[in-house]
Amino acid sequence: MARVKHTRDAAGVDSVPWRDVALATKGFMPAAEGDALHAAALAAATRVPGAPFVEIGTYCGRSTVWLGAAAWLSDAVLFTVDHHRGSEELQVGWEHHDAEVVDGRSGRMDSLPFARTALELAGLENSVVLVVGGSVELAHVWDRAAAMVFIDGGHGVDVAGADFEAWAGHVARGGTLAIHDVFADPTEGGQAPYEQIYLPAVRSGRFVEESVCGSLRLLRRL
Ligand code: SAH
Ligand code: MG
């Protein structure tokens, strides 16, 4: 793990080490997988210097801090996209719903304030661009090869498939496609990231698996 300096942003945010901020942020990224994601992003940046990182599915900024710190250390920029209204499985009545992540005015989910706070506390506002909107809409105007594309958005069959279609082509040669919540065994979790993203990526012949950490799969673009 790289050493942290405490002068990351002009805001002069004082000195909470970024990894501690990640661990204290709401979300769904286990520490070991966050560390693996961070290391993979650092490695991708050395192979594709200067290229941006993209994250689909910011939520409250937990995984964003691991990736954003890698961007900061690489002199790269992370673009993280989310409409911040929550996936189906995050809505009221679903297993992963968190009542704190609801806007009191509208009664709708709004994870954006949490993400902004996480980036501020981690001192990463200069290294991360929060994009508020749909992932496919962003993909359609995106015209740059990315060193790392991390897909952790909606886990419905159609949404996951759309993210694969929209984003896989934006990974630079030598770059990394990272996919979260990949479960080959249906008894361990939902199948959409596995069937709609992981398998099509490998079967396309354009990606080769480099490593696995928990449900995180890291594929290298050939
Ligand atoms: N990466 C986060 C968790 C992301 S949860 C972490 O590690 O903690 C998935 C997120 O994807 C939700 O916040 C949801 O709002 C977002 N999402 C789902 N479908 C989306 C879409 N089509 N466009 C943009 N964001 C989407
Ligand atoms: Mg996830």
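Values in this document were obtained by computation on a predicted structure and should not be read as measured data. (Residues numbered from 1 in each chain as written. Chains lettered and ligands numbered in written order. Predicted model: local features only at pLDDT ≥ 70, side-chain atom pairs only at ≥ 80, totals over all residues. Heavy atoms only, no water.)

## Quick word on the packing of helix α2 (residues 31-47) against helix α3 (residues 62-74)
It is at 9 Å that the axes of α2 and α3 come closest, and there the two elements cross at 30°. When the axes of α2 and α3 are compared, the pair comes out roughly parallel. Regarding α2 and α3, the two cross each other, and that crossing is right-handed. On α3, the residues touching Ala-31, Gly-34, Asp-35, Leu-37, His-38, Ala-41, Leu-42 and Ala-45 of α2 are Arg-62, Ser-63, Trp-66, Leu-67, Ala-69, Ala-70, Leu-73 and Ser-74. (Axes fitted to C-alpha atoms, helices over the stretch in contact; angles between N-to-C directions. Helix = DSSP H or I, 4+ residues; strand = E, 2+ residues; numbered from the N terminus. Parallel < 35°, antiparallel > 145°, perpendicular 65-115°, else oblique. Left-handed = near helix turned anticlockwise from the far one by under 90°. Contact = heavy atoms within 4.5 Å.)

## Remarks on the layout of surface pockets
Quantified by volume, the largest pocket comes out at close to 940 Å³. Every residue lining the largest pocket is counted, 41 residues in all, and those nearest its centre are Ser-87, Glu-89, Gly-153, Gly-154 and His-155. Broken down by secondary-structure element, the contributors of at least two residues to the lining of the largest pocket are α3, β2 (78-82), α5 (135-141), α6 (157-167) and α7 (192-203). Tallied by class, the residues present in the lining of the largest pocket amount to 13 nonpolar, 19 polar and 9 charged. Approximately 170 Å³ is the volume attributed to the second largest pocket. Considering the residues around the second largest pocket, the lining is formed by Val-16, Asp-20, Val-21, Ala-24, Thr-25, Lys-26, Cys-60, Pro-113, Phe-114, Thr-117, Ala-118 and Leu-121. Taken together, the elements giving at least two residues each to the lining of the second largest pocket come down to α1 (18-24) and α4 (112-122). The dominant element in the lining of the second largest pocket, judged by the number of residues it contributes, is α4, at 5 residues. By residue class, the composition of the lining of the second largest pocket is 8 nonpolar, 2 polar and 2 charged. (1 Å grid on protein atoms, 1.4 Å probe; cavity = no way out; pocket = protein on both sides within 12 Å on 5 of 7 lines; lining within 4 Å. Points joined across faces, edges and corners; volume = space filled by probe spheres on them. Nonpolar A, V, L, I, M, F, W, Y, C, P; charged D, E, K, R; others polar.)

## A short note on the pairing of strand β1 (residues 53-56)
Covered by surrounding structure in β1 are Phe-53 and Glu-55 together with Val-54 and Ile-56, the residues of both alternating faces. Of the pairings in the sheet, the one linking β1 to β2 comprises 4 bridges and is parallel in character. Along β2, the bridge assignment pairs Ile-56 with Val-81. Tracing the backbone out of β1, into α3 and back to the parallel element β2 gives a crossover that is right-handed. (Buried < 20%, exposed > 50% of the residue type's maximum accessible area, 1.4 Å probe, protein only. Pairing = 2+ DSSP bridges. Right-handed = clockwise from strand over helix to strand, strands pointing away.)

## What about the coordination of the magnesium ion (ligand 2)?
Ligation of the magnesium ion (ligand 2) by protein atoms is provided by Asp-152 (OD), His-180 (ND1) and Asp-181 (OD), these donors lying 2.1 to 2.2 Å from the ion. The sequence pattern formed by the donor residues of the magnesium ion (ligand 2) is D-x27-H-D. As far as the burial class goes, His-180 and Asp-181 line up, both buried. (Donors = N, O, S within 2.8 Å, 3.2 Å for Na, K, Ca; no water.)

## Notes on the pairing of strand β3 (residues 128-132)
Direction of pairing for β2 relative to β3: parallel, over a ladder of 5 bridges. Residue pairing for β3: Thr-80 is matched across the bridge by Leu-130. In this region the chain leaves β2, passes through α4 and returns to the parallel neighbour β3; the handedness of that crossover is right-handed.

## Topic: the site of ligand 1
Near ligand 1 you find 21 residues, and of these Phe-28, Gly-57, Ser-63, Asp-82 and Asp-152 are the closest. One of the backbone N or O atoms of Gly-57 is found 2.7 Å from a nitrogen atom in ligand 1. The separation between a nitrogen atom of ligand 1 and a polar main-chain atom of Gly-154 is 3.5 Å. About the coverage of ligand 1: the protein hides 92% of its 580 Å² of free accessible area. Here the residues of the shell around ligand 1 are counted per class, giving 5 nonpolar, 12 polar and 4 charged. (Near = heavy atom within 4 Å. Polar contact = N/O pair within 3.5 Å; in protein donor to acceptor, adjacent residues only side chain to side chain. Areas by Shrake-Rupley, 256 points an atom, 1.4 Å probe, with all protein chains shown as cover.)

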